[in-house]
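The lines below spell out each chain.
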Amino acid sequence: MADGTKDAVSSNQMWGGRFASGPDAIMEEINASIGFDKKLFAQDIRGSVAHATMLADKGIISTEDKDKIVEGLNTILSEIERGNFEFSRKLEDIHMNVEARLATLIGPAAGRLHTARSRNDQVALDFRLWVKEELIKTERMLTDLIGAFLDRAEEHAETVMPGFTHLQTAQPVTFGHHCMAYVEMFGRDRQRVRHAIEHLDESPIGAAALAGTSFPIDRHMTAKALGFREPTRNSIDTVSDRDFALEFLSVAAICSMHLSRLAEEIVIWSTPQFGFIRLSDAFSTGSSIMPQKKNPDAAELVRAKTGRINGSLVALLTVMKGLPLAYSKDMQEDKEQVFDAAENLELAIAAMTGMVRDLAVRTDRMSAAAGSGYSTATDLADWLVREAGLPFRDAHHVTGRAVGLAEQKGCELAELPLEELQGLHSSITEKVFDVLSVDASVASRTSFGGTAPSEVRKQIAWWRNRN
C-alpha cells in the first residue's frame, strides 16, 4: 500500500467512519441546516415575494423579472407543499435551495432576487415570521384552554373541596375557585404571548448583511406587505437579534411550568388515596403486569415536557451569551430549540385542554375531604375576632387549643360541645357553629377574588367578557 493511501486511511479513521471524505465532509455536516430550516419554506418564499415586489416598485429590477420571480416562487411553494421538492444538503439551507430551484425554473432573472438583501436579514425575517405565526397559534390554544376551565368553574362554582398549602389541608374552597386559579395563570401566559408578538412585530428585511444597502429600497413597503407594524431601526441589531426567539422560549417555559403544575394535581387527584377525579381511557394507559392500574400518562408526559422546553431556553441563552455584534454562524443553532419547544408546547396545551374537558369530577370525594384537617379553624379564629373582639393573635391561640381538643377527642371542630368550647373562652356562643361548617366557611369568603360561589361567578363573568 502506498504511503499516500495509508495517510488517507489514517485520516478517515481519525475523523470517524461517518465522514468518508475527511474534513470536507465534516464541514458539510456541521454547516448544513436544511435538515431543520426547511420548515421555514413558506416564510422564505413569502418574504422573497414581498422583496421582489418592492424591488420592482422602486425600479431596482424590472417588472418582467419580478413577474418571473413571483411565478417561479409560487411554483416552488406548490412543489414543496405537494412533497415534490428535492432538498439538497450541499446547498446548505432553505434560502439557497429555493434560490437554486428558482434559477432552474426561470433562468438569469432568479439572480436578481438577492439584490439589496443578505442571508443575514433573510433568515432573520423567515424566523421572525415563523415565531410570530407560532405565537398567534399559541394564543388561540391558550384561549381554548381558558375556555375549558371557565366551563368547569361555572359547572362547579359551589362544589366544595379542600384548599391546600404545603399539600396539607388548609381551608375549604370550591372547585370552581380552584379552576379559576388556572384561568388566571394561563391568562397571564396569553398576555405574555401578546406582548411577545408586539415586541417582535418589526420587519428585518432590508438590513442586508449588517450595514443596510445603497439601493433605494422601501422597507416600510415590505414591512406592510409582510404584516409587520414597521421595519426595524438599526441594521446591526437587526441581524444580531434573537430576542424574539428567546422571548418565545421564555413564554413557553413559563407556560409549560403552569401546565406541569396542573398535570401534577391531576396525577395526585386521580390516585385512589385522593380520588377527586377520574380520567377517561382517552388520556390514560394500563399496566403491562397489573390489570387494576389506570395510569394518567398524558398528564405525566405533559409534566415531563417542561424539562425539555426549559432546556431549549437555556440552550439558546447559552448560544447567544458571548456573541459579538453582528451575525455569527452560532446563530444557526437557534431554530432547532425553538421548533422543538413549539411542537411540544402545542402538544402539551392540546393534551391538557382535552383532559380538563374530559375529567370526571367526584364531588362526593371532594366534599368529604373538604372538612378534613380542621379546615374551618381559621373561621373560628375570625369569628372570635369579629364577634368576641379578641386580637387575632389571641384568637389564633384559642383556636389552636380547640384544634388540640378536637384531635384529642377524635372529632371535627363542629362536633365539639359548646360547653367545652366555652371552657376555652367564655365569649364563645352557639352562633359559632354557623361558621364551622364547610359550606358556611366557603360562602363567607366574599372578598374580591375569594372562593365564595357568588364571587367565583363574578370572576367567571369577567373573564368571559375579556378578549
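Quick notes on the rules
Residues numbered from 1 in each chain as written. Predicted model: local features only at pLDDT ≥ 70, side-chain atom pairs only at ≥ 80, totals over all residues. Heavy atoms only, no water. Helix = DSSP H or I, 4+ residues; strand = E, 2+ residues; numbered from the N terminus. Buried < 20%, exposed > 50% of the residue type's maximum accessible area, 1.4 Å probe, protein only. Areas by Shrake-Rupley, 256 points an atom, 1.4 Å probe, with all protein chains shown as cover. Lys, Arg positive; Asp, Glu negative; His and termini not counted. Charge placed at Lys NZ, Arg CZ, Asp CG, Glu CD. Phe/Tyr/Trp six-rings, centres within 6.5 Å; stacked < 30°, edge-to-face > 60°. Lys NZ or Arg CZ within 6 Å of the ring centre and 35° of its normal. Pairing = 2+ DSSP bridges. Expected span 1.5 Å × (residues − 1). Arc of directions from axis to C-beta. Contact = heavy atoms within 4.5 Å. Axes fitted to C-alpha atoms, helices over the stretch in contact; angles between N-to-C directions. Parallel < 35°, antiparallel > 145°, perpendicular 65-115°, else oblique. Left-handed = near helix turned anticlockwise from the far one by under 90°. Salt bridge = Lys/Arg side-chain N within 4 Å of Asp/Glu carboxyl O. Core = buried A, V, L, I, M, F, W, Y, C linked by side-chain atoms within 4.5 Å. Patch = residues over 30% accessible without salt bridge, like charges linked within 9 Å, V, L, I, M, F, W, Y side chains within 5 Å.

Novice: Help me get a handle on the overall build of the protein, residues and values and all.
Specialist: Looking only at helices and strands, the protein features 19 helices and 6 strands. Within the protein, the fraction of its 467 residues that count as buried is 48%. Accessible surface, the protein: about 22,600 Å² in total, of which carbon and sulfur atoms supply 51%. A distance of 1 Å separates the average location of the 52 positive side-chain charges in the protein from that of its 66 negative side-chain charges.

Novice: So what about the packing of aromatic side chains? Which residues, and what values?
Specialist: Inspection of the entire model under this criterion finds 12 aromatic pairs. Measuring from ring centre to ring centre gives 5.4 Å for Trp462 and Trp463, while their planes differ by 85 degrees; the resulting arrangement is edge-to-face. You can call Trp462 partly exposed: its relative accessible area is 47%. In this structure an aromatic cluster arises from ring pairing among Phe164, Phe175, Trp269, Phe274 and Phe276. The ring of Phe339 is capped by Lys39, whose NZ or CZ atom sits 5.4 Å from the centre of that ring. For Lys335, the ring lying beneath its charged end belongs to Phe127, and the centroid distance is 5.4 Å.

Novice: Run through the pairing of strand 1 (residues 160–165), naming residues and quoting values.
Specialist: Sheet topology places strand 1 next to strand 2 (residues 168–174); 5 bridges connect them, and they run antiparallel. When the bridges of strand 2 are listed, Val160 appears paired with Thr174. Counted between consecutive antiparallel strands, the loop separating strand 1 from strand 2 contains 2 residues, among which His166 sits at a positive phi close to 60 degrees.

Novice: Describe in detail helix 16 (residues 392–409), supporting the description with residues and values.
Specialist: Quick reminder: α-helices carry 3.6 residues per turn. Residues three or four places apart thus point the same way. In this model helix 16 runs 25 Å from its N-terminal to its C-terminal C-alpha over 18 residues, within 8% of the 26 Å that 1.5 Å per residue would give. Every buried residue of helix 16 is listed here: Ala395, Val398, Thr399, Ala402, Val403, Leu405 and Ala406. The buried residues of helix 16 occupy an angular sector of 160 degrees when the element is viewed end-on, so they sit on one face. Exposed positions of helix 16 whose direction lies more than 90 degrees from the buried face are Arg393, His397, Glu407 and Gln408. Buried residues in helix 16 make contact with helix 15 (377–388) and helix 17 (418–424). Directly beyond the C-terminal end of helix 16, a positive phi value near 70 degrees is found at Gly410.

Novice: Which residues make up the packing of helix 15 against helix 16, and what values go with them?
Specialist: Between helix 15 and helix 16, the shortest axis-to-axis distance is 8 Å and the interhelical angle comes to 135 degrees. Taken together, helix 15 and helix 16 sit at an angle that is classed as oblique. Crossing of helix 15 over helix 16 shows right-handed handedness. Residues Ala377, Leu380, Ala381, Asp382, Leu384 and Val385 of helix 15 form the contact with helix 16, whose own contacting residues are Phe392, Ala395, His396, Val398, Thr399, Ala402 and Val403.

Novice: Could you give an account of the pattern of salt bridges, naming the residues involved and the relevant values?
Specialist: Scanning all chains against the criterion turns up 31 salt bridges. Between Glu346 and Lys137 there is a salt bridge, with its nearest N and O atoms 3.4 Å apart. Taken as a pair, Glu346 in helix 13 (residues 335–358) and Lys137 in helix 7 (residues 119–155) lie far apart in primary sequence, 209 residues in all. With a relative accessible area of 31%, Lys137 lands in the partly exposed category. Ionic pairing is found between Arg386 and Glu387, a salt bridge with its closest N-O pair at 3.8 Å. Classification of Arg386 by relative accessible area gives exposed; the value is 53%. Within this structure, Asp144, Asp151, Glu154, Arg357 and Arg464 form a network of salt bridges that share partners.

Novice: Describe the nonpolar core, listing the residues and the values that go with them.
Specialist: Among the nonpolar cores identified, the biggest contains 97 residues, and Val131, Phe149, Phe186, Leu259, Val338 and Met355 are the most heavily contacted of them. With 16 residues, the single largest contributor to this core is helix 11 (residues 243–269). Within the second largest apolar cluster, 22 residues are counted, among which are Ala377, Ala381, Leu384 and Leu405.

Novice: Provide a residue-level description of the side chain of Lys66, including the pertinent values.
Specialist: In this structure, Lys66 sits in helix 5 (residues 63–82). Once residues lying within four places of it in the same chain are set aside, the contact partners of Lys66 are Ala52, Thr53, Ala56 and Ile61.

Novice: Describe a nonpolar patch on the surface, and please don't skip the residues or the numbers.
Specialist: Residues Leu210, Ile236 and Leu325 make up a contiguous nonpolar surface patch of roughly 280 Å² in combined accessible area. When you line up the elements, Leu210 lands in the loop between strand 3 (202–203) and helix 9 (219–225). Taking the relative accessible area as the measure of exposure, Leu210 reaches 37% and is therefore partly exposed.

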